[in-house]
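# Examination of the molecular architecture
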Amino acid sequence: MLAAAIALGPFREHRAYSIGFAIIWLSLHWIHSLWANRHLNPQRLSTIAPGIALGLLLIQSRKLLTYSDYEGPSRYLIIAFALLVGSSLSTTNWKSLLQWITAGGLTLGCILYFAWNNADFSTLEETNKYFFREGLGGINVLATVLSTLTVCGVYSLRISKNFITRLISCASIVTTYSLCLESNSRLAAVTPFAGLLLSWLISEGWPYIRKLKLPAKFAAVCLFLAVPLVGIWNIVIAPDLANGMESDALRLQIWKCSISNSLLAGNNRIAYGNGFDSTAMQDACGQWQAHSSYVHFLSHHGLLGFISLLVIMLIVFKGIRTHFNLRLEPRSLWQSSWGEVALGCTITVMLNGMTTTNYLGGYLNPLVIGLMLSTGLAPIMDSEFNSESQQKKSRISCN
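In what follows, the accompanying structure is described. A quick note: this is a predicted structure, and the numbers were derived from the prediction, not measured.

### Describing the side chain of Ser262
Turning to its location among the elements, Ser262 is positioned in the loop between helix H11 (246-260) and helix H12 (269-272). In this structure, Ser262 is in contact with Arg269, Asn274 and Ser299, ignoring residues within four places of it in sequence.

### Describing the state of the cysteines
Within this structure, the stated rule accounts for one disulfide. Between the sulfur atoms of Cys257 and its disulfide mate Cys285 the distance is 2.0 Å. Between Cys257 and Cys285, the S-S dihedral sits near -95 degrees, and the bridge is therefore left-handed. Residue Cys257 is located in helix H11, and its partner Cys285 is located in helix H13 (residues 279-285); the two are separated by 28 residues in the primary sequence. Exposure remark for Cys285: the relative accessible area of 18% places this residue in the buried category. Looking at the unpaired Cys152, the closest cysteine sulfur is the one in Cys345, lying at 4.9 Å. Residue classification places Cys152 among the buried positions, given a relative accessible area of 1%.

### What about the pattern of salt bridges?
Under the definition given, this model contains two salt bridges. Here Arg133 and Glu13 are joined by a salt bridge, their closest N and O atoms 4.0 Å apart. Placement of the pair is Arg133 in the loop between helix H6 (124-131) and helix H7 (139-159) and Glu13 in the loop between helix H1 (2-7) and helix H2 (15-36), with a sequence separation of 120 residues. Its salt-bridge partner being Glu340, residue Arg158 comes within 2.6 Å of it at the nearest N-O pair. Of the two residues, Arg158 sits in helix H7 while Glu340 sits in helix H15 (residues 338-352), which places them 182 residues apart along the sequence. Owing to a relative accessible area of 9%, Arg158 belongs among the buried residues under this scheme.

### Regarding unusual backbone geometry
You will see that Tyr67, though not glycine, has its phi angle at about 55 degrees, which is positive. If you trace the backbone, Tyr67 turns up in the loop between helix H3 (45-66) and helix H4 (74-88). The buried category is assigned to Tyr67, whose relative accessible area is 12%. Of note, Asn268 is a non-glycine position whose phi angle comes to about 65 degrees, a positive value.

### Things to note about H2
Relative to the 32 Å expected for 22 residues at 1.5 Å per residue, H2 spans 32 Å between its end C-alpha atoms, a close match to the ideal helical length. Regarding H2, the residues found buried are Arg15, Ser18, Ile19, Gly20, Ala22, Ile23, Trp25, Leu26, Ser27, His29, Trp30 and Ser33.

### Some words on a nonpolar patch on the surface
A contiguous nonpolar surface patch, about 950 Å² in accessible area, is contributed by Ile270, Tyr272, Leu303, Leu304, Phe306, Ile307, Leu310, Val311, Leu314 and Ile315. Of all the secondary-structure elements, those providing two or more residues to the nonpolar patch are H12 and helix H14 (293-326). Sorting elements by how many residues they give to the nonpolar patch places H14 first, with eight residues. As for its placement among the helices and strands, Ile270 is situated in helix H12.

### Some details on the packing of H7 against helix H8 (residues 163-182)
Closest axis-to-axis distance for the H7/H8 pair is 8 Å, and the angle between their directions is 155 degrees. By the angle between their axes, H7 is roughly antiparallel relative to H8. Our pair here, H7 against H8, has a crossing hand that is left-handed. Counting all contacts with H7, which are made through Ala143, Leu146, Ser147, Leu149, Thr150, Gly153, Val154, Ser156, Leu157 and Arg158, the residues of H8 involved are Thr165, Arg166, Ser169, Cys170, Ile173, Thr176, Tyr177, Leu179 and Cys180. For the contact of H7 with H8, the per-class residue count stands at 10 nonpolar, seven polar and two charged.

### Section: the environment of Lys63
Along the chain, Lys63 turns up in helix H3. Looking at Lys63, the relative accessible area reads 36%, which means it is partly exposed. In this structure, the C-alpha to C-alpha distance between Lys63 and Ser74, residues 11 residues apart in sequence, is 7.9 Å. Sequence-distant contacts of Lys63, that is, excluding residues within four places in its chain, are made with Ser68, Asp69 and Tyr363.

### Re the packing of aromatic side chains
Under the counting rule described, the total for this entry stands at 12 aromatic pairs. Ring geometry for Phe11 versus Phe132: centroids 5.0 Å apart, planes at 70 degrees, classification edge-to-face. Of this pair, Phe11 sits in the loop between H1 and H2 while Phe132 sits in the loop between H6 and H7, placing them 121 residues apart in sequence. When sorted by exposure, Phe11 lands in the same class as Phe132, which is buried. With a centroid separation of 5.9 Å and an interplanar angle of 40 degrees, the aromatic rings of Tyr76 and Tyr359 are classed as tilted. Taken together, the positions of Tyr76 in helix H4 and Tyr359 in the loop between H15 and helix H16 (364-374) put the pair 283 residues apart, joining distant regions of the chain. On the basis of relative accessibility, which here comes to 23%, the residue Tyr76 falls in the partly exposed class.

Cut-offs applied
Residues numbered from 1 in each chain as written. Predicted model: local features only at pLDDT ≥ 70, side-chain atom pairs only at ≥ 80, totals over all residues. Heavy atoms only, no water. Helix = DSSP H or I, 4+ residues; strand = E, 2+ residues; numbered from the N terminus. Contact = heavy atoms within 4.5 Å. Disulfide = S-S within 2.5 Å. Buried < 20%, exposed > 50% of the residue type's maximum accessible area, 1.4 Å probe, protein only. Salt bridge = Lys/Arg side-chain N within 4 Å of Asp/Glu carboxyl O. Expected span 1.5 Å × (residues − 1). Patch = residues over 30% accessible without salt bridge, like charges linked within 9 Å, V, L, I, M, F, W, Y side chains within 5 Å. Areas by Shrake-Rupley, 256 points an atom, 1.4 Å probe, with all protein chains shown as cover. Axes fitted to C-alpha atoms, helices over the stretch in contact; angles between N-to-C directions. Parallel < 35°, antiparallel > 145°, perpendicular 65-115°, else oblique. Left-handed = near helix turned anticlockwise from the far one by under 90°. Nonpolar A, V, L, I, M, F, W, Y, C, P; charged D, E, K, R; others polar. Phe/Tyr/Trp six-rings, centres within 6.5 Å; stacked < 30°, edge-to-face > 60°.

Written out as structure tokens, the structure is:
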């Protein structure tokens, strides 16, 4: 269901089917949770939460299928639904889900390439705009989805042992990342590498760095910072610098205008922003969005919205830290602890939101964002740590 939703995502005329598959997938998961917990205490939050979420989803399904709540709270509800589902999945189930997401990414990439090659368009941007009519959003939003799917493909490759699954993951990585490059989105070209590298260095590199002496530790930290910064400079900053920083200067101007006409506009807007209506931003800045998820969110919902975002991110990073603390040992490049997977997915989503309003566009976008953020909330009791630790104990007892 989720793979089909991803594959149909770019088609504007079929996006109702895309979100429909996603609604069915979410509903089936919660129905299964309600049935599995039918004998538990009904007063427990973990028992009633799936029922509440299922009810809200069904109530909101008409607005989702008709896209009649484009600027309303539906996007945040989808993120919340995805967080709830992802946080209830064991890491074993999450590995299977990553494989299906990767398969959906491969199908999506093949559809984009097929349409591009068979239509009379010279660029992927034109194909997305005129053939698909921006079902997932503009080219930059589409590129952020592709970059996220690239990271999912890499982790699916590293945690899978099945040859066919690894083959599909490799094909998905090549397809989705090549489309990232074809989109000419500088951010999408960098975020997969930045997310994967930073998460690997934090997860696997830092335990070794801590054992080094101070001079060697300082050199290792400098190298840790230099590698992504050099990539960002060469891919993101240098090309725009050659054009007089025209693109980034325009983006900064939009950010300044958005903040000035929302948080700094008086009438307590610093607390709650402009609300869901983008008319004020369109009239003042000539743009209905801020080209940054953080600036756009802040201008719409003010400091109260920022506090809510901060609370969610604190919960996510606390979960990731717990996975790191409970892992047994660092992994090689061809393996991955679940903490590394969660951190890489989270960093990628966060970086994608810096210069693109990546939760706008199709409703599939907030669903993917919510799922990626929920990876760090997978229950520890079902994580790979427990199975490995039991195996280790059994080996010790046998000896």
